[in-house]
Amino acid sequence: MAAIALAAAARSGHPSPVRRGIRTGLFHTSATILAAVFLFPLIWAALNSVKSSDEANQQPPTWLPHSLSLQNYRSLSGFDQGIGTYLLNTFALCLCTVVGTVIVCVLGGYGFARYAFRGKNLLFGATLTILMVPYATILLPLYIVLGHLHLQNSLIGLALVLVMFQLPFGIFLMRNSFESVPRELEEAALVDGCTGFGALRHVSARVVMPGVITVALFAFLTSWNEYLAPLIFLNDGTKYTLPVMLVNIRYASFNILDVGALQAGVVVAMIPCLVVYLALQRFYVSGLVTGALRG
Amino acid sequence: MAVTVLTSRPQQARTPTVGPRRRSRAGSASRRPAVGLAFVAPTAVLVAALFLVPLGILVYMSLTNWPLLGSPTFDGLDNYRQLGQDDQFLGAIKFTLVYTAITTVVLFAVAFALVAISSTRRKGAVFYRTAFFLPYVVGTAAASSMWWVNSNDQLGVFSKAIQAAGITHQPPGLLATPNRALFTAIALVIWKFVGFQVMVLLVGLQAIPAELYEAARMDGATTWQRLRYITIPSLRPTLALLTILSVTGSLLAFDQFFVLTHGGPDNSTVTVVLALYNKAFQSFRLGNAAAEAVVVLVVLVLVNMVQLRLFREREK
């Protein structure tokens, strides 16, 4: 809002070139300082992670690395099960969650968009209610349900829970995506003798791809970063995911904190998110528009 | 214009259901309700097994004495009565409310300032916007771990920077007192989440038709009038959504406190969800924890409903 005010002020008057230059300079100075404040912790973690272990743990800390070293990353591979195991677990969890979310939401979104059946509104309403119910409060009974399904302490069980939490957003978004596809396209396929599933596959699937990518992206970011659910559902150290490992690092080796290793872990955990986000940025924004801000 | 993410109404009205005419044209075999049910079956199974059933169990648990081993015994409303005398829970409620109020206000204030920067047409706006948003995609556990180390008196770069800036020559103890711990946690939350607010506000701003501003300018509206009569009313649904997300998210804060302050110092930063977690998974008083969860759940649903209604009414 203030932005509009500023922009409008800049446009309405006709200030001299000098004054405009000063204004631009001030704008970029303050914006750069703010951007630096926001990027600093990320850059700091990266800088610290490539210091030697001794330097990373020096008191007080040094600003720039005196020498580059991969020591901290190496000590990560020696931590408990080794970073490789945690990475693998996290990848497996993400894969299951993303694939599961996409399948359930594409099928469900299509069903809600194109078919009439009894209980449709009830089911759709129940799915959206998941948003209203605080996530943390339902983990406790979920723990018991997973126990009955023999899915406690299992990455599959955890993935199912994460898929469930993605449903309100995913179903809503996929339903809207399918509704924006003209029915006539599919009807033609149906007349040509396609089954319902065939129509979905041939005609709609390509058109709704952006929606699918958005759903997959959100599922990935959530499952990669999720901390509380793995902490509660997994009790076997060999199954821990990266976020759980990160928090455990500080209690490693008799409570002696290894700052370098911790920062290296942070870097490993955040790089996939940054890369995936930067690559798929426009789907993220379009997802926000469709999913959260229709109107 | 409504926060349709929480309701299905407006959409439903637009969707023509499959009528008989259509069915006969498209071939009745392909639009049978049974096929539709098959499509939504996975959703139904997940929602039932992992949402509705646990919800039922939660309510049942809250009415029982549920030990970790052995069978639960029915307790009636005992767990709820105990909540009233549970100082830790009551303290957690108070802390969470204070935290929510401060966070929501500060988040909006910072977000508006950052929107002013990222919505200009100047060069570099996209870079600034991305810089503000990047912390949001980093996980809370990673972000909180980072801030925990950086706030360390001897090893942390925040402490070093504060001393280098000459603000204090002592170690600043960023997590040492209740107020400082709260301040550091709020700083973390602003850093991590404000980018999301900025992004959503930008999307909202872009949706306002440029003609509105053109027309207003031709009519000689001042900057303030354009802000007051075009921008703010048009952004109302966006602001409503962000308020709901911010209030709900803050009331349920867990990760940042669990990792950054661990509820300390002296249990001064225990949020409601952290208290709930401790009760369930540290002291294993599951019935008590379930009662707390039910209370939190009911309060949140009410808060959401009240907020939605408030924003709806103002829209009219």
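Residues numbered from 1 in each chain as written. Chains lettered and ligands numbered in written order. Predicted model: local features only at pLDDT ≥ 70, side-chain atom pairs only at ≥ 80, totals over all residues.

A count of helices and strands for chain B gives 14 helices and two strands. A burial count over chain B gives 41% of its 316 residues as buried. Expressed as a percentage of contacts within chain B between residues at least 6 apart in sequence, the contacts between residues at least 24 apart total 66%. (Helix = DSSP H or I, 4+ residues; strand = E, 2+ residues; numbered from the N terminus. Buried ≥ 20, exposed ≤ 12 C-beta atoms within 10 Å, placed from the backbone. Contact = placed C-beta atoms within 7 Å.)

Turning our attention to the overall build of chain A. Per the secondary structure count, chain A includes 15 helices and zero strands. The buried share among the 295 residues of chain A stands at 48%. Taking all contacts inside chain A whose residues are at least 6 apart in sequence as the whole, residues at least 24 apart take part in 74%.

As a further point, take the nonpolar core. The biggest cluster of nonpolar side chains holds 171 residues, and the ones touching the most others in it are M164(A) and V198(B). Per-element tally for this core: the top contributor is helix 8 (residues 155-179) of chain A, with 16 residues. Counting residues domain by domain, this core receives three or more from each of domain 1 (2-74) and domain 2 (81-292) of chain A. (Core = buried A, V, L, I, M, F, W, Y, C linked by C-beta atoms within 7 Å. Domains from an automatic or database assignment.)

In this section: the packing of helix 8 of chain A against helix 11 (residues 209-225) of chain A. In a packed pair of helices, the relevant descriptors are the angle between the two axes and the axis-to-axis distance. All names here are of chain A. Interhelical geometry of helix 8 versus helix 11 gives an angle of 165° and a closest axis separation of 10 Å. Relative to helix 11, the element helix 8 is oriented roughly antiparallel. Crossing of helix 8 over helix 11 shows right-handed handedness. Mapping the contact onto sequence places L162, Q166, F169, G170, L173, M174 and S177 in helix 8 and G211, T214, V215, F218, A219, T222 and S223 in helix 11. (Axes fitted to C-alpha atoms, helices over the stretch in contact; angles between N-to-C directions. Parallel < 35°, antiparallel > 145°, perpendicular 65-115°, else oblique. Left-handed = near helix turned anticlockwise from the far one by under 90°.)

The next thing to look at is the domain arrangement of chain A. Residues and elements named next belong to chain A. We note that the domain assignment places domain 1 (2-74) and domain 2 (81-292) within chain A. If you look at the interface, domain 1 gives 11 residues, while domain 2 gives eight residues. Mapped by element, the contributors of at least two residues to the side of domain 1 that touches domain 2 are helix 2 (17-49), helix 3 (53-56) and helix 4 (71-77). No other element matches the four residues that helix 2 contributes to the side of domain 1 that touches domain 2. A breakdown of the residues in the side of domain 1 that touches domain 2 according to their chemical character gives four nonpolar, six polar and one charged. (Nonpolar A, V, L, I, M, F, W, Y, C, P; charged D, E, K, R; others polar.)

It is worth spelling out the packing of helix 6 (residues 120-132) of chain A against helix 8 of chain A at this point. All names here are of chain A. Across the interface, helix 6 lies against helix 8 with an axial gap of 8 Å and an inter-helix angle of 120°. By the angle between their directions, the pair helix 6 and helix 8 is classed as oblique. In the crossing of helix 6 with helix 8, the sense of the turn from one axis to the other is left-handed. Residues T127, L128, I130 and L131 of helix 6 form the contact with helix 8, whose own contacting residues are M164, F165, L167, P168, I171 and F172. Broken down by class, the residue content of the contact of helix 6 with helix 8 amounts to nine nonpolar, one polar and no charged.

Turning our attention to helix 7 (residues 135-148) of chain A. Residues and elements named next belong to chain A. Over its 14 residues, helix 7 extends 20 Å from the first C-alpha to the last, a length consistent with the 20 Å expected when each residue adds 1.5 Å. Taking the largest bend as the criterion, helix 7 deviates by roughly 35°, centred on P141. Here helix 7 has its buried residues at A136, T137, I138, L139, L140, P141, L142, Y143 and L146. Immediately beyond the C-terminal end of helix 7, within one or two residues, lies H150, with a positive phi of roughly 60°. (Expected span 1.5 Å × (residues − 1). Bend = angle between axes of the 7 residues up to and from the residue.)

Among the 10 residues that make up helix 13 (residues 272-281) of chain B, eight are buried, leaving the element largely enclosed by the rest of the structure. Among the residues of helix 13 of chain B, those classed as buried are V272(B), V273(B), L274(B), A275(B), L276(B), Y277(B), K279(B) and A280(B).

Next up on the list: the interface of chain A and chain B. Facing 94 residues of chain A, the contacting portion of chain B comprises 94 residues. Top element by residues in the side of chain A that touches chain B is helix 15 (residues 259-292) of chain A. It accounts for 14 residues. For the side of chain A that touches chain B, a count of residues per class yields 75 nonpolar, 16 polar and three charged.

In this section: unusual backbone geometry. Residues and elements named next belong to chain B. Non-glycine residue H262 carries a positive phi angle of around 55°. Among the structural elements, H262 can be located in the loop between helix 12 (255-261) and helix 13. Here H262 falls in the partly exposed class, since 15 other C-beta atoms lie within 10 Å of it. Positive phi values are uncommon outside glycine, yet D266 reaches one of about 55°.

Here we take up the confidence of the model for chain B. All names here are of chain B. Considering every residue of chain B, the mean pLDDT works out to 84; 89% of them sit at 70 or more. Low confidence marks residues 1-29, where pLDDT is under 50. Its contacts with residues over four positions away, or in another chain, come to 38 contacts. This complex was scored by the predictor with a pTM of 0.84 and an ipTM of 0.84. (pLDDT = per-residue confidence, 0-100.)

Right, let's talk about the environment of L231(A) for a bit. All names here are of chain A. Tracing the sequence through the fold places L231 in helix 12 (residues 228-233). A tally of 22 C-beta atoms within 10 Å means that L231 is categorised as buried. A C-alpha to C-alpha distance of 9.0 Å links L231 and P243, two positions 12 residues apart in sequence.

The next point concerns the environment of V273(B). Along the polypeptide, V273(B) turns up in helix 13. Separated by 22 residues in the primary sequence, V273(B) and L251(B) place their C-alpha atoms 8.2 Å from one another. Apart from the residues within four sequence positions on either side, V273(B) is in contact with A136(A), L252(B), A253(B) and F254(B).

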